[in-house]
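Given next are the chains, with one letter for each unit.
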Amino acid sequence: MGIKTVMVIGAGQMGAGIAQVCAQSGFTVKLNDIAQESLDKGKAGIEKRLDRAVEKGRMSEDDKNATISNLTYTTEMKDASDCDLVIEAVVENMDVKTKVFQALDDITPEHAILASNTSSLPITEIAAVTNRPSQVIGMHFMNPVPVMKLVEIIKGLQTSDETYQSIEDMTKELSKTPVEVNDFPGFVSNRILMPMINEAIYTVYEGVASPEDVDTVMKLGMNHPMGPLTLADFIGLDTCLYIMEVLYEGFGDSKYRPCPLLRKYVKAGWLGKKSGRGFYNYE
Ligand code: CAA
Ligand code: NAD
């Protein structure tokens, strides 16, 4: 059965972007969050980005209206009962994710595929809490979702070829490029990116240079579009810490030890751009 109706769980920076690109490609999309405030913020962000796309001539007014009419917003996960695909984008925490997957396994039709946008957590372990591990897969979008072309598709131990093919086809329908990756901590993207960000934080922690100077070195010296500390703030320092913890625990290698300064900032509630303060001040 083809994918027509999609629920996205979690209306944060990733979930709202994923819902937007699915709706733009003609899928019927339900965006879900436990918090009404997050849903409202997600909706406002989507509509602002669509307005900007029309302003810039990248999208017609008709396509904007069609995208908006493909989207509904709900705090009820049970509205997934007619969905062909669910893409989960809640906090990077195994307990929270497995609870969501257990609930979805009860709610969704038998044929539905359950995908996770996890940055680093094992798909095999998430799949194991459901009665349909062959239909569970990682669909890892990059931030900001409307701009970035990559989707890492992660096959868990029991993910079927049929499930993989459906998600690869859908990724292409979203005008994104799929890359197939096996289920290993951090997959490819964050196994490479996060140790660089963590090292940049150690560089500040050890007093080698200021955040501004570390970012300037990487931007002007390596042509990175954003310096690693600006990028860490953009991703969310909580998410960066969770990913480093998954790498540290998953590989058991001290080279992945999260920098104490990263822990300290997260404990202080300095989560980066989304909380108004991280390595930089956004207030
Ligand atoms: N959401 C949606 N669209 C955005 C956006 C956002 N947050 N930020 C920028 N854009 C769009 C804008 O629409 C803009 O186009 P218009 O001006 O025509 O509207 C376009 O991107 C370019 O933006 P800017 O000119 O403002 O800025 P820029 O040229 O510096 O580009 C950027 C912004 C694309 C974000 C660029 O800085 C970049 O590529 N940064 C690195 C991003 C990156 O590495 N992402 C991966 C993070 S890791 C990850 O996602 C995985 C994980 O699990 C943590
Ligand atoms: P976020 O903090 O911006 O948003 C998470 C949202 O999930 C919040 O709105 C929260 O209210 C909601 N939520 C929490 N528990 C929920 C539940 N049980 N049911 C429904 N909604 C719930 O986080 P984010 O940056 O969007 O990250 C979400 C996921 O995407 C994480 O797994 C993260 O690792 C992954 N990811 C993040 C990035 C990034 O750059 N931030 C990139 C790729 C993947």
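Residues numbered from 1 in each chain as written. Chains lettered and ligands numbered in written order. Predicted model: local features only at pLDDT ≥ 70, side-chain atom pairs only at ≥ 80, totals over all residues.

Keep this limit in mind: UniProt positions are given in the numbering used here, feature names are shortened, and annotations may be inferred rather than shown by experiment.
An unreviewed UniProt entry annotates the protein chain as 3-hydroxybutyryl-CoA dehydrogenase originating from Thalassobacillus hwangdonensis. UniProt annotates the protein chain under Pathway (unreviewed entry) with the comment "Lipid metabolism; butanoate metabolism." Database annotation for the protein chain, UniProt heading Sequence similarities (unreviewed entry): "Belongs to the 3-hydroxyacyl-CoA dehydrogenase family."

**Some words on the sheet that holds strand β1 (residues 5–9)**
Our working definition: If DSSP finds at least two bridges between two strands, the strands pair. Only DSSP runs of H or I reaching four residues or more are called helices, and only runs of E reaching two or more are called strands; each is numbered from the N terminus. Comment: axis = line fitted to C-alpha atoms, over the contacting stretch for helices; angle = value between 0 and 180 degrees taken between N-to-C directions.
Within the open sheet, the 8 strands sit side by side as β3-β2-β1-β4-β5-β6-β7-β8. Their pairing is mixed. Looking at which strands have only one partner, the edges of the open sheet turn out to be β3 (71–74) and β8 (177–182). On average, each strand axis in the sheet is inclined to that of its neighbour by 25°, with strand direction left out of account. Pairing of strand β4 (residues 85–88) with strand β5 (residues 113–116) involves 4 bridges; the strand directions are parallel. Following the sheet pairing, I87 is matched in β5 by A115.

**Quick word on the site of ligand 1**
Worth spelling out the cut-off: Each residue receives a C-beta atom built from its backbone; the residue is near a molecule or strand if that atom lies within 6 Å of it. Residue ranges labeled as domains rest on an automatic or database domain assignment.
As a structural note, the neighbourhood of ligand 1 is formed by 18 residues, with S119, M142, N143, P144 and P225 the closest of them. Elements represented by at least two residues in the shell around ligand 1 include exactly α2 (36–55), α7 (189–205) and α9 (228–235). In terms of residue count, the dominant contributor to the shell around ligand 1 is α7 (3 residues). Both of domain 1 (5–182) and domain 2 (190–274) provide at least three residues apiece to the shell around ligand 1.

**Here we look at the site of ligand 2**
How we decide: Each residue gets one label: Ala, Val, Leu, Ile, Met, Phe, Trp, Tyr, Cys and Pro are nonpolar, Asp, Glu, Lys and Arg are charged, and the others, such as Gly, are polar.
What surrounds ligand 2 is a group of 27 residues, the closest being G10, G12, M14, S38 and N143. Among the elements that make up the shell around ligand 2, the one with the highest residue count is helix α1 (residues 13–24) (3 residues). Here the residues of the shell around ligand 2 are counted per class, giving 12 nonpolar, 12 polar and 3 charged. Residue contributions to the shell around ligand 2 reach at least three from each of two domains, namely domain 1 (5–182) and domain 2 (190–274).

**Description of unusual backbone geometry**
The peptide bond linking N143 to P144 adopts the cis configuration, its omega dihedral lying at 0°. As for its position among the elements, P144 is in the loop between β6 (136–141) and β7 (150–155). Of note in the backbone geometry, F187 takes a positive phi value of approximately 55° without being a glycine. With respect to the helices and strands, the residue F187 is situated in the loop between β8 and α7.

**Focus: the domain arrangement of the protein chain**
What counts here: C-beta atoms are placed from the backbone for every residue, and two residues are taken to be in contact when these atoms lie within 7 Å.
Assigned domains of the protein chain: these are domain 1 (5–182) and domain 2 (190–274). With centres defined by C-alpha atoms, the gap from domain 1 to domain 2 works out at 26 Å. Counting residues at the interface gives 7 residues for domain 1, matched by 9 residues for domain 2. Tallied by class, residues from the side of domain 1 that touches domain 2 come to 1 nonpolar, 5 polar and 1 charged.

**Remarks on the environment of L85**
Note on placement: L85 falls in strand β4. For L85 and M139, which are 54 residues apart along the polypeptide, the C-alpha to C-alpha distance reads 11 Å. Apart from the residues within four sequence positions on either side, L85 is in contact with I3, V6, A112, I113 and A115.

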